[in-house]
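Take a look at the letters that make up each chain.
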Amino acid sequence: MISADKIPNNVGLAGNKRLLRALEHWQPAYLDWWREMGPPGFQDSHQVYLRTAVSVDAAGWAHFDYVKLPEYRWGIFLAEPTHDRRIGFGDFMGQPVWQEVPGEFRNQLRRLIVIQGDTEPASVEQQRSLGAHCPSLYDLRNLFQVNVEEGRHLWAMVYLLHSYFGRDGRDEAEALLERRSGNDDTPRMLEAFNEPIDTWLDFFAFTMFTDRDGKSQLLSLSESSLDPLARTTRFMLTEEAHHMFVGETGMARILERTCQLLRDSGFSGDVRKVGGIDLPLIQKFVNFWFSQSLDLHGSEVSSNAATYFANGLKGRAEEDKFEDDHVLAANLYMLDMLDDSGRIIRQEVPMRNALNEVLRDWYVGDCQAGVDRWNKRVLEAHGMSERIALPSRKFNRKVGVYAGRHFDPLGNQLTPGEWERKKSEWLPSPEDKKYLHSIQVTPVYKPGQFANYIAPPQRGINRMPIDFEYVRTEA
Ligand SMILES: [Fe+2]
Ligand SMILES: [Fe+2]
């Protein structure tokens with residue numbers, strides 16, 4: 001029997017018979033999924049110092065305590081409603097937002113929610129092997145925090161499916177627990193969510209770049225005319241911020257440690273000889289996860305994007321910061337396209353059709369700001385001349401106009417032969433992976449200790465000391 005008081009929420013769950021009934025079937029299936037696909041070996045005998053959202057106000061959304069992972073209280077939260085909220089873009093601009101799903105947009109909205117929902121459990125599946133190879137208890141705890149919150153994000157999307165999409169929604173909610181990341185027969189829906197994340201460098205690059213795609217998608221959904229979708233995603237963004245913190249600071253700490261090792265060797269040594277991660281290898285992971293995440297934003301020219309915007313389903317990130325008319329009926333966008341012979345040409349397309357690219361612009365800017373912080377606060381501060389750089393958005397694309405062609409990280413076009421010869425200079429090779437596996441073979445489970453390839457963080461979680469026992473084993 002499902003009990004509403006075990007599920008923290010601000011959606012009136014106790015009095016919502018329809019939702020309770022739907023969750024009665026779904027919640028046990030969710031827990032089965034968590035036990036099967038969540039972190040192996042950390043389900044029953046470990047207590048993890050986790051943040052749980054118990055309400056959306058300042059006091060309640062960051063409640064810290066030790067919890068066993070399967071006993072985490074996955075809740076359902078919507079950000080507080082905005083009084084008299086109006087549709088902020090598209091053809092229905094200025095009308096009151098919707099509290100129910102309009103019949104004519106039902107399929108489109110369901111698709112948007114399912115695609116978002118599918119990424120959440122996917123990332124838990126991708127990251128499941130990492131706990132056995134963690135660089136510290138601090139990092140282990142952060143991994144699990146990200147995992148349980150991705151689980152909660154799945155709950156958030158399932159809440160919408162159960163509440164607003166009837167039978168179809170319940171079927172989709174089941175299917176979200178049935179697909180598996182990387183499975184040949186039942187893969188997750190988007191490519192980046194089928195890639196394994198089995199090294200900690202992958203994890204930090206993923207949380208830096210792919211969770212940031214989550215941020216741009218959630219920002220655009222939080223503009224939606226469907227108010228429950230807007231409010232759900234707005235609350236998810238508060239959690240997403242921590243995921244990107246984990247990624248950005250994780251990469252920064254690896255860079256920091258690499259600089260220390262280089263300094264100790266008089267800047268001449270091979271850091272791999274002392275168990276560090278060399279800068280070119282870090283750059284390759286930036287190239288890989290950044291380009292994968294660019295693909296997640298979809299094709300440069302997209303009639304779906306135009307329809308979503310026109311109908312008010314999905315806006316631009318931070319729509320109110322745009323100075324144009326928010327309707328975009330006659331505006332144009334200049335795009336780099338390819339002509340039939342593969343030459344790059346500038347082409348004007350209707351702005352509504354270019355909205356995937358507009359969101360990608362926002363995303364690239366947000367990534368660049370993070371990379372600039374690494375360069376300034378770590379590499380420059382250590383007196384290094386090397387810099388981390390984002391590759392061209394043409395590099396390594398599988399989706400959109402550049403798919404099927406080859407470009408180097410600066411955006412110069414290559415022949416297939418040149419690409420084959422040089423790609424392992426720019427993307428992680430099997431040897432690189434092998435090296436990273438070799439330095440994370442032995443996990444570090446002692447409080448306050450860190451693997452040799454990563455510097456300690458500047459401070460602990462929730463003002464706890466760095467050597468706090470963030471994950472403890474039950475006797
Ligand atoms: Fe998420
Ligand atoms: Fe996330």
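Higher on the page you've got the structure.
Residues numbered from 1 in each chain as written. Chains lettered and ligands numbered in written order. Predicted model: local features only at pLDDT ≥ 70, side-chain atom pairs only at ≥ 80, totals over all residues. Heavy atoms only, no water.

S.K.: Would you mind going over a positive patch on the surface with me for this structure?
M.R.: A cluster of basic residues, K17, R18, R21 and R170, forms a positive patch on the protein surface. By residue number, the principal contributor to the positive patch is helix α1 (residues 17-37), which donates 3 residues. Along the chain, the position of R170 falls in helix α4 (residues 166-176). (Patch = residues over 30% accessible without salt bridge, like charges linked within 9 Å, V, L, I, M, F, W, Y side chains within 5 Å. Areas by Shrake-Rupley, 256 points an atom, 1.4 Å probe, with all protein chains shown as cover. Salt bridge = Lys/Arg side-chain N within 4 Å of Asp/Glu carboxyl O. Lys, Arg positive; Asp, Glu negative; His and termini not counted. Charge placed at Lys NZ, Arg CZ, Asp CG, Glu CD. Helix = DSSP H or I, 4+ residues; strand = E, 2+ residues; numbered from the N terminus.)

S.K.: Is there a simple way to explain the coordination of the iron ion (ligand 2) in this structure?
M.R.: Think of it this way: four donors in a tetrahedron around the metal ideally sit 109.5 degrees apart, and six in an octahedron ideally sit 90 or 180 degrees apart. With distances of 2.0 to 2.2 Å, the protein atoms coordinating the iron ion (ligand 2) are E150 (OE), D211 (OD), E240 (OE) and H243 (ND1). Geometry at the iron ion (ligand 2) is irregular, judged from its 4 donor atoms and the angles of 87 to 170° they form at the metal. For the iron ion (ligand 2), the single-chain donor residues occur in sequence as E-x60-D-x28-E-x2-H. Separating the iron ion (ligand 2) from the iron ion (ligand 1) is a gap of 3.4 Å, which E150 spans by donating to each of them. Note that D211 is positioned in helix α5 (residues 200-221) and H243 in helix α6 (residues 227-264), a separation of 32 residues in sequence. Of the two residues, D211 and H243, both sit in the buried class. (Donors = N, O, S within 2.8 Å, 3.2 Å for Na, K, Ca; no water. Tetrahedral: all angles 85-135°; square planar, octahedral: opposite > 155°, others 65-115°. Buried < 20%, exposed > 50% of the residue type's maximum accessible area, 1.4 Å probe, protein only.)

S.K.: Sorry if this is basic, but what is going on with the packing of α1 against helix α2 (residues 106-126) here?
M.R.: Helix packing geometry: the angle between the two helix axes and the distance between the axes. At a minimum axis distance of 9 Å, the contact between α1 and α2 shows a crossing angle of 30°. The angle between α1 and α2 falls in the class roughly parallel. Packed against α1, whose contacting residues are W33, W34 and M37, the element α2 presents P121, V124 and E125 at the interface. The residue inventory of the contact of α1 with α2, partitioned by class, reads 5 nonpolar, no polar and 1 charged. (Axes fitted to C-alpha atoms, helices over the stretch in contact; angles between N-to-C directions. Parallel < 35°, antiparallel > 145°, perpendicular 65-115°, else oblique. Contact = heavy atoms within 4.5 Å. Nonpolar A, V, L, I, M, F, W, Y, C, P; charged D, E, K, R; others polar.)

S.K.: How should the coordination of the iron ion (ligand 1) be read in this particular structure?
M.R.: At the metal site, the iron ion (ligand 1) is ligated by E120 (OE), E150 (OE) and H153 (ND1), and these contacts range over 2.0 to 2.2 Å. Sequence positions of the residues that donate to the iron ion (ligand 1) give the spacing E-x29-E-x2-H.

S.K.: Even after reading the chapter, I still don't get unusual backbone geometry, so can you show me in this structure?
M.R.: If a residue is not glycine, its phi is most likely negative; likewise, a peptide bond is most likely trans. At N396, a position not held by glycine, the phi torsion is positive, near 60°. We classify N396 as buried; its relative accessible area is 10%. The backbone of N462 shows a phi angle near 55°, a positive value even though the residue is not glycine.

S.K.: I would appreciate a short explanation of the side chain of E319 in the present structure.
M.R.: By the secondary structure assignment, E319 is in the loop between α8 (303-310) and β3 (332-338). You can call E319 buried: its relative accessible area is 1%. There is a polar contact of 2.6 Å between the side chain of E319 and the side chain of R316. Within the structure, the side chain of E319 is placed 2.7 Å from the side chain of H326, a separation counted as a polar contact. (Polar contact = N/O pair within 3.5 Å; in protein donor to acceptor, adjacent residues only side chain to side chain.)

S.K.: What is the right way to look at the layout of surface pockets in this model?
M.R.: As a volume, the largest pocket reaches approximately 770 Å³. I115, L190, Q217, L296 and H297 are the residues nearest the centre of the largest pocket, which is lined by 36 residues in total. Elements supplying a minimum of two residues to the lining of the largest pocket: α2, α5, α7 (279-295) and α8. Here the lining of the largest pocket is built from residues that sort into 13 nonpolar, 13 polar and 10 charged. Around the second largest pocket, the lining is made up of 20 residues, and of these F245, T249, P457, Q458 and R459 lie nearest the centre. Contributions of two or more residues to the lining of the second largest pocket are made by α6 and α9 (355-380). Ranked by the residues each element gives to the lining of the second largest pocket, the list is headed by α6, at 6 residues. Looking at the lining of the second largest pocket residue by residue, the class counts come to 9 nonpolar, 4 polar and 7 charged. (1 Å grid on protein atoms, 1.4 Å probe; cavity = no way out; pocket = protein on both sides within 12 Å on 5 of 7 lines; lining within 4 Å. Points joined across faces, edges and corners; volume = space filled by probe spheres on them.)

S.K.: Any chance you could explain the sheet that holds strand β7 (residues 471-473) here in plain terms?
M.R.: As a general point, the strands of a sheet are linked pairwise by backbone hydrogen bonds and lie either parallel or antiparallel. Reading across from one edge, β2-β1-β7 is the order of the 3 strands in this open sheet, with antiparallel pairing throughout. Both outer strands of the open sheet, β2 (63-67) and β7, are each paired with one neighbouring strand and no more. With strand direction ignored, the average angle separating the axes of adjacent strands in the sheet is 20°. Bridge count between strand β1 (residues 46-52) and β7: 3 bridges; the pairing is antiparallel. Paired with Q47 across the two strands is R472, which belongs to β7. (Pairing = 2+ DSSP bridges.)

S.K.: Explain the nonpolar core to me, please; I cannot follow it from the model alone.
M.R.: Looking at soluble globular proteins, one finds that nonpolar side chains tend to be buried together. Counting 127 residues, the largest nonpolar core has L23, W26, Y30, F203, F209, I277 and W374 as the members making the most contacts within it. A total of 16 residues in this core trace back to one element, the largest contributor, which is helix α3 (residues 137-164). For F209, the residues in contact, after removing those within four places along its chain, are V286, W289, F290, S293, Y363, C367, V371, W374 and L390. In terms of nonpolar packing, the next biggest core, distinct from the first, is built from 12 residues, A305, F309, L328 and Y333 among them. (Core = buried A, V, L, I, M, F, W, Y, C linked by side-chain atoms within 4.5 Å.)

S.K.: Quick question: what am I supposed to make of empty space enclosed by the protein here?
M.R.: The method is simple in principle: a probe with the dimensions of a water molecule rolls over the atoms, and the space it marks as empty is what remains. Taken as a whole, this structure holds 1 cavity of 30 Å³ or more when the rule is applied. Space inside the largest cavity adds up to approximately 120 Å³. Forming the walls of the largest cavity are 14 residues, and the residues nearest its centre are K314, G315, L355, N356 and L359. Sorting elements by how many residues they give to the lining of the largest cavity places α9 first, with 5 residues. Split by residue class, the lining of the largest cavity holds 9 nonpolar, 3 polar and 2 charged.

S.K.: What should I look at first to understand the packing of aromatic side chains in this one?
M.R.: Describing an aromatic ring pair means giving the distance of the ring centres and the angle of the ring planes. Under the definition given, this model contains 36 aromatic pairs. Taking 5.7 Å as the distance between ring centres and 65° as the angle between the ring planes, the aromatic pair formed by Y49 and Y66 counts as edge-to-face. Of this pair, Y49 sits in strand β1 while Y66 sits in strand β2, and the two are 17 residues apart along the sequence. Judged by its relative accessible area of 6%, Y49 is buried. Between Y159 and Y164 the ring centres are 6.4 Å apart and the planes differ by 90°, which places this aromatic pair in the edge-to-face class. Residue classification places Y159 among the buried residues on the basis of a relative accessible area of 7%. On the accessibility criterion, Y164 (16% relative accessible area) is buried. Following the ring pairs from residue to residue traces out a cluster consisting of W26, Y30, W33, W34, Y72, W74 and W155. If you follow R316 out to its NZ or CZ, it ends over the ring of F322, 3.8 Å from the centre. (Phe/Tyr/Trp six-rings, centres within 6.5 Å; stacked < 30°, edge-to-face > 60°. Lys NZ or Arg CZ within 6 Å of the ring centre and 35° of its normal.)

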